[in-house]
Amino acid sequence: MKTVHTVNTATATAPAPAPAPAPAQSRSAELEEQIGRTPGRFRVMTGDRPTGPLHLGHYFGTLHNRVRLQDLGVDVFLIIADYQVIIDRDLADRLTEHMEGMLLDYLAIGIDPARSTVFNHSAVPALNQLMLPFLSLVSVAELNRNPTVKDEIAHSRQSAVSGLMFTYPVHQAADILFCKGNLVPVGQDQLPHLEVTRTVARRFNERYGAVFPEPDALLSAAPLLLGTDGTKMSKSRGNSIPLGATADETARLIRGAKTDAERHITYEPETRPGVSSLVLLAALCLDRDPHAVAEEIGGGGAAVLKRTVTEAVNSRMAPIRARRAAYAQDMAYVRSVLRAGNERANEIAEATLDEVRGVMGGVL
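The structure displayed is predicted, hence computed values, not measured ones.

Undergrad: An account of the overall build of the protein chain is needed here, citing residue identities and associated values.
TA: Counting secondary structure elements, the protein chain contains 14 helices and five strands. Since a compact globule built from 364 residues should have a radius of gyration of about 21 Å, the 21 Å found for the protein chain is in line with a globular shape. Buried residues in the protein chain amount to 53% of all 364 residues. Counting only contacts in the protein chain whose residues sit at least 6 apart along the sequence, the fraction spanning at least 24 positions is 79%. Element-wise, carbon and sulfur atoms account for 53% of the exposed surface of the protein chain, whose accessible area totals about 15,500 Å². Across the protein chain, the mean location of the 38 positive side-chain charges is 2 Å away from that of the 41 negative side-chain charges.

Undergrad: Please provide a residue-by-residue account of the pairing of strand β4 (residues 183-186), values included.
TA: Burial along β4 is two-sided: the residues Leu-183 and Pro-185 and Val-184 and Val-186 are all buried. Alignment of β4 against strand β5 (residues 216-219), held across four bridges, turns out to be parallel. Considered in β5, the bridge of Val-184 is made with Ala-217. Between the parallel pair β4 and β5, the chain is carried across by helix α9 (residues 191-208), and the sense of this crossover is right-handed.

Undergrad: Give me the lowdown on helix α12 (residues 290-297), citing residues and values where you can.
TA: Buried residues of α12: Pro-290, Val-293, Ala-294 and Ile-297, and no others. Projected onto a plane normal to the axis of α12, the buried residues spread over an arc of 95° and lie on a single side. Counted as exposed and oriented over 90 degrees from the buried face of α12: Glu-295 and Glu-296. Structurally, α12 contributes buried residues whose contacts are with α11 (273-286) and α13 (301-328). For α12, the N-terminal capping position is held by Asp-289, with its side-chain oxygen 2.9 Å away from the main-chain nitrogen of His-291.

Undergrad: Can you break down the pattern of salt bridges residue by residue, with the values?
TA: Using the criterion set out here, one finds 22 salt bridges in the structure. Among the salt bridges present, the one from Asp-216 reaches Arg-198, with a minimum N-O distance of 3.8 Å. Of this pair, Asp-216 sits in strand β5 while Arg-198 sits in helix α9; the two residues are 18 residues apart in sequence, bridging distant segments of the chain. According to the relative accessible area criterion, Asp-216 is buried, its value standing at 16%. Residue Arg-198 is classed as partly exposed on the basis of its relative accessible area, which comes to 22%. The network of salt bridges with common partners includes Arg-27, Glu-30, Glu-195, Arg-198, Arg-202, Glu-214 and Asp-216.

Undergrad: Report on the environment of His-264, specifying residues and quantitative values.
TA: Counting through the fold element by element, His-264 comes out in the loop between α10 (247-255) and α11. Residue His-264 is classed as partly exposed on the basis of its relative accessible area of 43%. Sequence spacing of His-264 and Ala-294 is 30 residues, and the spatial spacing of their C-alpha atoms is 8.9 Å. Excluding residues within four positions of it along the chain, His-264 makes contact with Arg-272, Gly-298 and Gly-299.

Undergrad: Mind laying out the packing of helix α2 (residues 56-72) against α13, listing which residues take part and the relevant values?
TA: Working note: a packed helix pair is described by the angle between its axes plus the distance between those axes. Taken N-terminus to C-terminus, the directions of α2 and α13 make an angle of 75°; their axes are 13 Å apart at the nearest point. What the angle tells us is that α2 and α13 run roughly perpendicular. Where α2 abuts α13, its residues Leu-56, Tyr-59 and Phe-60 lie against Val-313, Arg-316, Met-317 and Ile-320.

Undergrad: I'd like a description of the environment of Glu-30, backed by residues and values.
TA: Mapped onto the elements of the fold, Glu-30 is located in helix α1 (residues 22-37). Separated by 188 residues in sequence, Glu-30 and Leu-218 place their C-alpha atoms 9.5 Å apart.

Undergrad: Can you break down empty space enclosed by the protein residue by residue, with the values?
TA: A complete count under the given rule lists two cavities of 30 Å³ or more for this structure. Its volume calculated, the largest cavity comes out at about 110 Å³. By residue class, the composition of the lining of the largest cavity is seven nonpolar, five polar and one charged.

Undergrad: I'd like a rundown of the confidence of the model for the protein chain, residues and numbers included.
TA: The share of residues in the protein chain with pLDDT of 70 or more is 90%, and the mean pLDDT across the chain is 88. Within the model, the stretch residues 1-17 combines pLDDT values under 50 with 65 contacts to residues more than four positions away or in other chains.

Quick notes on the rules
- Residues numbered from 1 in each chain as written.
- Predicted model: local features only at pLDDT ≥ 70, side-chain atom pairs only at ≥ 80, totals over all residues.
- Heavy atoms only, no water.
- Helix = DSSP H or I, 4+ residues; strand = E, 2+ residues; numbered from the N terminus.
- Rg over C-alpha atoms; globule rule 2.2 N^0.38 Å.
- Buried < 20%, exposed > 50% of the residue type's maximum accessible area, 1.4 Å probe, protein only.
- Contact = heavy atoms within 4.5 Å.
- Areas by Shrake-Rupley, 256 points an atom, 1.4 Å probe, with all protein chains shown as cover.
- Lys, Arg positive; Asp, Glu negative; His and termini not counted.
- Charge placed at Lys NZ, Arg CZ, Asp CG, Glu CD.
- Pairing = 2+ DSSP bridges.
- Right-handed = clockwise from strand over helix to strand, strands pointing away.
- Arc of directions from axis to C-beta.
- Polar contact = N/O pair within 3.5 Å; in protein donor to acceptor, adjacent residues only side chain to side chain.
- Salt bridge = Lys/Arg side-chain N within 4 Å of Asp/Glu carboxyl O.
- Axes fitted to C-alpha atoms, helices over the stretch in contact; angles between N-to-C directions.
- Parallel < 35°, antiparallel > 145°, perpendicular 65-115°, else oblique.
- 1 Å grid on protein atoms, 1.4 Å probe; cavity = no way out; pocket = protein on both sides within 12 Å on 5 of 7 lines; lining within 4 Å.
- Points joined across faces, edges and corners; volume = space filled by probe spheres on them.
- Nonpolar A, V, L, I, M, F, W, Y, C, P; charged D, E, K, R; others polar.
- pLDDT = per-residue confidence, 0-100.

Rendered as structure tokens:
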């Protein structure tokens, strides 16, 4: 997603991200308590861009949290943001393949179509129609100084970015508000995007009448998993471990992961990012403390570290792979999940758009 997601932005040489603002952390803690008491009050909106296979960074960063919220009883909406693929690339390559792969991954990790709504962006025209009034509520200067947009532009794959890049935060506002989402799981780097959504909702309500909630951020302590080359784990960099990889493919990718020359294994993310990321991956898969995992490996060196990581990942992913393979044998069902999700999303989007037309005097 590039729509409201919590994938890591850390690199081997990047400094650790600054702590999230205290009010955001405090509010997030309050929300967790409220979710535990009354989960039905909340509707989560999040998702991914279908630009390649989902990987372990996605799984530990966002995917398992979506399943947790779903299982708690929160109404979860997952958008496959196919329209947003062209934000920073000229063509939407292998779009159908990537969308179906994403659906398989969602189902395999435990997303339940009876409790969560999965839909694709382009199938809900009323959602995109909200963009027009929403764009009238923010200034060019506000969009231009959005730090997340600046970062996206800096890392764009295009020689010159399109106007779509600047409207990206408003597009996300439409994604969230069409279904009146009131809770968005985000990493701290996504807080500026969510603030645009809150601004749009507040200004719309002030100008036309109360229609939209101002969604809250549910901060995620997403683990900092690096790619096998020691830089940001990314679908486009070829340095990730896909959820759909076989056990042998996973072993090969981990064998090629970057470490360092020091034999004794320690967990020191600041000074040994590559080694520490592998230790953390093993710890996450084993539900253990990374310091304890590193201490156990000790002087075993990179070979023992990589063997430990491979065994841990393959053990953790085995049931997910089995479910994914089973779903892949029934693609008719998988596609029906998306059709049903699209139908529900369309019904909700049309109802919201009708409400917007009503308070705006039928201008849309």
